[in-house]
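Given next are the chains, with one letter for each unit.
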Amino acid sequence: MRVLGIETSCDETAASVVEDGRTIRSNVVASQADLHQRFGGVVPELASRRHLERLLPVIDLALEQAGLTWSGIEGIAVTCGPGLVGALAVGVAAAKSLAFTHNLPLIGVNHLEGHLFANTIDSGPLPMSSLALIVSGAHTDLVLVEGPHRYVMLGRTRDDAAGEAFDKVARSMGLGYPGGPEIDRLGRGGNRKAVPLPIPFLDGGLDFSFSGVKTAAIRVLAARRDPDPQFLADLAASLQYVVAEALVSKLLRAARRHAPRAVLLAGGVAANSVLRSRLLGEAGRLGVPVLIPAPALCTDNAAMI
Amino acid sequence: MRVLAIDTATTWGSVAIVDAAGVVAERSAHVPAAHLEWLIPAIKGMLADARVECGAIEGLVVSKGPGGFSGLRIGIVTAAAWAHSLGRPLAGVSTLEVIAAGVEASGLVLAALDARRGEVAGALFRRADCATRLTPDQLMKPDVVRDRLPPIDEPIVLAGDALERHAAALLAALSPWATAAPPAYWWPRAAIAGTLGRARLLRGERDDPLGLLPDYIRRPDAREFAP
Ligand SMILES: [Zn+2]
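Calculation rules
Residues numbered from 1 in each chain as written. Chains lettered and ligands numbered in written order. Predicted model: local features only at pLDDT ≥ 70, side-chain atom pairs only at ≥ 80, totals over all residues. Heavy atoms only, no water. Core = buried A, V, L, I, M, F, W, Y, C linked by side-chain atoms within 4.5 Å. Buried < 20%, exposed > 50% of the residue type's maximum accessible area, 1.4 Å probe, protein only. Helix = DSSP H or I, 4+ residues; strand = E, 2+ residues; numbered from the N terminus. Donors = N, O, S within 2.8 Å, 3.2 Å for Na, K, Ca; no water. Pairing = 2+ DSSP bridges. Axes fitted to C-alpha atoms, helices over the stretch in contact; angles between N-to-C directions. Contact = heavy atoms within 4.5 Å.

Peer 1: Whenever I open this one, the nonpolar core confuses me. Can you help?
Peer 2: Across soluble globular proteins, nonpolar side chains show a tendency to be buried alongside one another. Counting 59 residues, the largest nonpolar core has A:Ile59, A:Trp70, B:Ile43, B:Leu47 and B:Trp82 as the members making the most contacts within it. Of all the elements, helix H3 (residues 85-101) of chain A adds the most residues to this core, at nine residues. Formed by 47 residues, the second largest nonpolar core is a distinct cluster that contains A:Ala217, A:Phe231, A:Val269 and A:Ile292.

Peer 1: Is there a simple way to think about the coordination of the zinc ion in this case?
Peer 2: Four donors placed tetrahedrally around a metal ideally meet at 109.5 degrees, and six donors placed octahedrally ideally meet at 90 or 180 degrees. Residues and elements named next belong to chain A. Every protein donor of the zinc ion is accounted for by His111 (NE2), His115 (NE2) and Asp300 (OD), and the metal-donor separations fall at 2.0 to 2.1 Å. Spacing between the donor residues of the zinc ion along their common chain follows H-x3-H-x184-D. Of this pair, His111 and His115 both sit in helix H4 (residues 111-123), separated by four residues, roughly a single helical turn. Considered together, His111 and His115 belong to a single accessibility category, that of buried residues.

Peer 1: I'm lost on the sheet that holds strand S5 (residues 106-110) of chain A in this one. Help?
Peer 2: Strands belonging to one sheet form pairs held by backbone hydrogen bonds; the direction of such a pair is parallel or antiparallel. All names here are of chain A. Taken in spatial order, the five strands make up an open sheet running S3-S2-S1-S4-S5, and their pairing is mixed. The open sheet has two edge strands, strand S3 (23-31) and S5, and neither has a second partner. Neighbour-to-neighbour, the strand axes of this sheet turn through a mean angle of 20°, independent of strand direction. In this structure, strand S1 (residues 2-7) lies alongside strand S4 (residues 75-81), joined through four bridges in parallel fashion. The partner of Ile6 across the bridge, within S4, is Val78. In the packing of H3 onto the sheet, the strands contacted are S1, S4 and S5, and the crossing angle to S4 comes to about 155°. Against the sheet, H4 engages S1, S3, S4 and S5, with an angle of about 95° to S5.

Structural data, given as structure tokens:
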């Protein structure tokens, strides 16, 4: 079955054609990062306006790159939440209109389930139960996946999401938005031990907290009168190190408690190279497969939808 | 030419089918913040009632504002996706013109929509056989609309949902000439939009489905960030 996916929940306008749940025939993502960059975050009304301007051309491109016309599409899937209400409405209204006019089945998909199931594109059906860490600019959720639509929330952030901490520190460093990829790039040339930051372990529970480490990083930065490039690289490396350390240690703790058959990473921050290698390094100790989508399928996209 | 018209610019949603015989069907409902859920089922039900197949729609007409931003986007993307993917012509019509054209009176009409933050989005028209636009759409404080319009020294009818909140201020500002149209004329109807848009399509005027955007009038408030 060839499905057209549509995603407009935040600041990426995306459309994709996926065949039989595994073969990506096209995956078009029009980022709005340039639009929101000077505000250091997503402005909802601007995002909705841009989605309206971009969506139909993005769908055209997804069909074209898949080498298909409408007659080759057998169903439509669209992100129906969570996300920015006005932004979601553009994608859902288009999907409803297209499904009606082409007499196609339409399914609404939860954005976070989309991130989770991005893992099935490369790896096939998820082993049940799986332990998943969904980590993005809006979420840091530790979830036990017991079956399709059957989730147990084990832990979540009590304040900032991990990606949000990256974005805000990046902003203070004068880097672009979104901050995660910038921090990743910069941190490659840095020493993670050069700028000590507290590792936010919280207590013995499975919740996270990143606002403390974010504030600490911003404070260290502010105290430095003339931050040279090496200092910035060290800070980026150190921030990534402590965030990855907190995420992975809680993931391991949850794995010990719940003995899942696989461990998954999902969401935009799953594209972070430090987090990926840190988690893959634990794969032996976990004794179960560790699944991480390809970086292009971690950030918001429509193939996962 | 048989057209489907959509108006989701206000708290009402309205859809209609208009062809050479006139208005064939129309459905309207008060759907504040619920246009998305309402729209496609309303179109589906109306087409079924009128025994018109979706493929028999030969053109699309959509009310393009001013109005509620999200409602406008829902109406436009619905009409544009339909027009673009089935290769049908599309016409966007001014919501204020739809309101003015709906008023059954001759003479001056001020069509005004509530633009929030104490302002109205309005335009002046002269009604005879049709509504002729005398001013562009403007964002105005209701108590000083007179300063923003050409001199008014003849009777003028006010219509549009701005009357819900600002009737007293608007009537006072345009005293002694102004009267308010009855509430039935305060919300745009797709039957009127369809009639106006169909005439435009028949004249060969059409909008690009990939380029048709709402007449927002107001810039987005960039201070308003995502949570
Ligand atoms: Zn996401």
